[in-house]
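# A look at the structure
What follows is each chain in one-letter form.
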Amino acid sequence: MTSTTDTLHRQSSSSLAVQLSRFREIGIVAFLVIVIIVTVLLKPNFIQPINIRSILLWIPLLSVVAMGQMMVIITRGIDVSVGSILAFSGIVVGMIFRDFPEFNIYLGTLLGILLGAMLGAINGGLIAWLKVPPIITTLGTLSAYRGLVFIVSGGRQIDPNHVPTALIRWSQRGPFGIQWVPWVVIIAIVVALLTYAFLRFTKMGRNIYAIGGNPDAAKLRGISVESTTFVVYLITGGLAGLAGILYASRFGFVNPGETGVGFELTVIAAAIIGGTNIFGGSGTVLGVFLGCLLLGTISVALAVLGVASTWQLAVYGFVILLAVIVDGIIQRELQRATTGE
Amino acid sequence: MTTNETNVQTQNSIQGTSSTGDRLRGILVRPEFVTVALLILAFVVGSLMSPYFLDAVFLFNYTSLYIEVGIMAIGMTFIIISGNIDLSVASILALVASAAGVVYFDLGVPMVMTIVIALTLGTLLGWLNGALVARLKLPALAVTLGTWALYRGAAQILVGDDSRPRLAWTREFMYPEWFTRIHRVYIPGTPIPVPFVIFLVLAIVLGIVLYKTTFGRWVYAIGTNEDAARYSGVPTHRVKMLIFALTGFLSGLAGLIMVSRLSVARYDHARGWELDVITAVVLGGTDIFGGRGSMFGTVVAFLLLIFLRTGMGVANVKAESQLAVIGSLLILAILVSNLTEKLRK
């Protein structure tokens, strides 16, 4: 069904693993359904266009970056610098929009992606060739890129009147005049489909799973671990750069000290909740997309239920722990089943 | 590779090689050497840039602004040497601080009891991390990412966007006078503030535990090869739970010191400081993959971070640019240590 299952097939021919990765996606859907049912029972008017729209608006920023983060985690890495990359791309492109109001927004978006990819390439280079561990590299660049954001912007925010109206409209209007599926959601879906195609149909995409599954074996099979790793961080940077533009579209401002702060942890949470194996080697686009949908739904449900926004972080923490624990137990049972029998 | 061999390697990397011919090279390739060199460099540059920099009173006072990072870094040294990581330290700090505020003001518990409760809570929170990592065999990065959000989230539920004492409360609602402003209490006759002494004593005592006790050797053994350690009789579960609990305790202590320093408890205390803590430990030459590292290195790196911040502060470098410098420094330290690693071979 997905590349994960293919890889697992090739590696251990364990049909149990295939079932489990499917089981994992069903698990998220089940959890999602429970959240929705509980919310509807408590607040019958939960399902209405305005709430669905808020949930959908929640997804794009998160899922676009989570696609990259998933690939990084599959290669046994981690990228905590995505929030700073997002802010850098948002602030630089925002400054261009501020100083040149006539600047083409598609060109601006492309520039944002390129800026993000550039910063991602620095991460990738340090990790792939200079062998600096991913957590150290991206912890360092998390601070370094954030500092860069302040230096470039002089600490000044990009105000709503400087963000082009056409860009803000991406988060307000959808194709064919549909109101509640805005363009940003379409962009997120396209990114997810492209990621799926990349992982499923390209050689490099398949290599990503191979590297995460067993780096030494991947090397012996002639896969260039270095260049694949480099590309994964480059893509993640580019996606975070795109998210910087989506942020400006969604919120209408970019603030050097606020935009993207702590975002990395939400993204990693979405990837882990979506079933990306924390030990590397497996993860699916569908699972991660559902993980983002789940986080968005919980967030909107809490708001609709009138739970104070102060509860949100704790609920997230709880859901992350739950996902990690469930995965850990499944993993252990799987190991027991494959080695014990 | 047997544990014996790796133990010898570990010993070498801690104590330097014994043969006199190799001694200089041994010192040069020790990861902490880079940090010590940077410390001296920062000191020289700082004193050239500002005459105030060499003022001992000024420097010591500056350590207090950052002392919580140092205290948490002591626990983090154990955790990283054992091949784990704890992203939740600053969240434990915030939850313990918030809980202490609520227990003291809302429940009216005397301050001494509040301190005991707070330290117990910190230890329990760390123990929970350890239990999830050791018993359920979950990766520490994922577990503490969860508790990172859960603990700070719990702090936010406890005090919300308010604080203890509440913003609206008048001056009579304060922590007892003996508890507050610990950073303004000095060792009599010296410019050394009490928090710095607490940090130093903890570092020395726990440094001895790390270097000179069986427990310390177990921590290195687990970080080098956990399976091998378990087969050779190391109680790996218990050791891991203990070091997480220890780090929880130290983070709780840091939380109390912060409340004392600022005279207020808020849920967003020390937000993002887990990065500074990890930076201090890794800058001190502790291998992020475990098995190698030193308490001495952590202390030196912590001092370096303070000197850098002080130096950049008096040189009017903006806080945000300081961030960029420290982030780059972290990567640079690993690059140089990678290079010296190659030199060793």
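Here is a short report on the structure shown in this document. Predicted model, so just to flag it, every value in this text is computed and none were measured.

## Brief notes about the overall build of chain A
Looking only at helices and strands, chain A has 14 helices and zero strands in total. Secondary structure elements of chain A occur, N-terminal to C-terminal, as α-α-α-α-α-α-α-α-α-α-α-α-α-α. In summary, chain A has a C-alpha radius of gyration of 20 Å against a globular reference of 20 Å for 341 residues, a match within 12%. Seen along its three principal axes, the alpha-carbon backbone of chain A occupies a region of about 65 × 55 × 35 Å.

## Thoughts on the environment of B:Gly297
By the element assignment, B:Gly297 lies in helix 14 (residues 295–314). Through-space distance from the C-alpha of B:Gly297 to that of B:Asn338 is 16 Å; in sequence the pair is 41 residues apart.

## Observations regarding helix 12 (residues 236–262) of chain B
Counting along an α-helix, one turn takes 3.6 residues, and residues three or four places apart therefore face a common direction. Residue and element names in this part refer to chain B. Along its 27 residues, helix 12 runs 39 Å from first to last C-alpha, staying within 8% of the 39 Å computed at 1.5 Å per residue. Extensive coverage of helix 12 is indicated by the burial of 21 of its 27 residues. Of the residues one or two after helix 12, Ser263 is the one with positive phi, at around 60°.

## Comments concerning unusual backbone geometry
Residues and elements named next belong to chain B. The amide bond that connects Arg164 to the next residue, Pro165, takes the cis arrangement and shows omega of -5°. Mapped onto the elements of the fold, Pro165 is located in the loop between helix 8 (140–159) and helix 9 (194–212). Its identity is not glycine, yet Lys137 carries a phi of approximately 55°, on the positive side. Inspection of the secondary structure assignment puts Lys137 in the loop between helix 7 (111–134) and helix 8. What makes Lys137 partly exposed here is the crowd of 13 C-beta atoms within 10 Å.

## Concerning the interface of chain B and chain A
Residue-level contacts link 36 residues of chain B with 38 residues of chain A. For the side of chain B that touches chain A, the elements supplying multiple residues, two or more each, are helix 8, helix 13 (273–283) and helix 15 (319–344) of chain B. Sort the elements by how many residues they give to the side of chain B that touches chain A and helix 8 of chain B lands first, with 13 residues. Looking at the side of chain B that touches chain A residue by residue, the classes come out as 23 nonpolar, nine polar and four charged.

Thresholds applied
Sequence order as written defines the numbering, with residues in each chain counted from 1. Written order determines the labels here, with chains lettered from A and ligands numbered from 1. With the structure being a predicted model, the display of local features is reserved for residues of pLDDT at least 70 and the display and counting of side-chain atom pairs for 80 or more, all residues being used for whole-chain, interface and lining totals. Helical segments are the DSSP runs of H or I of at least four residues, strand segments are the runs of E of at least two, and each set is numbered from the N terminus. Both definitions apply: the radius of gyration is a C-alpha atom measure, and the globule rule equals 2.2 Å times residues to the power 0.38. To estimate the expected span of a helix, subtract one from its residue number and multiply by 1.5 Å. Neighbour density around each residue's C-beta defines its exposure: 20 or more other C-beta atoms within 10 Å make it buried, 12 or fewer make it exposed, and counts between make it partly exposed, where C-beta atoms are placed from the backbone. The contact rule is simple: place each C-beta atom from the backbone, and if two of them lie within 7 Å, those residues are in contact. Any residue outside Ala, Val, Leu, Ile, Met, Phe, Trp, Tyr, Cys, Pro, Asp, Glu, Lys and Arg is labelled polar, Gly included; the first ten of those are nonpolar and the last four are charged.

Everything listed is a geometric property; what it means functionally is a separate question.
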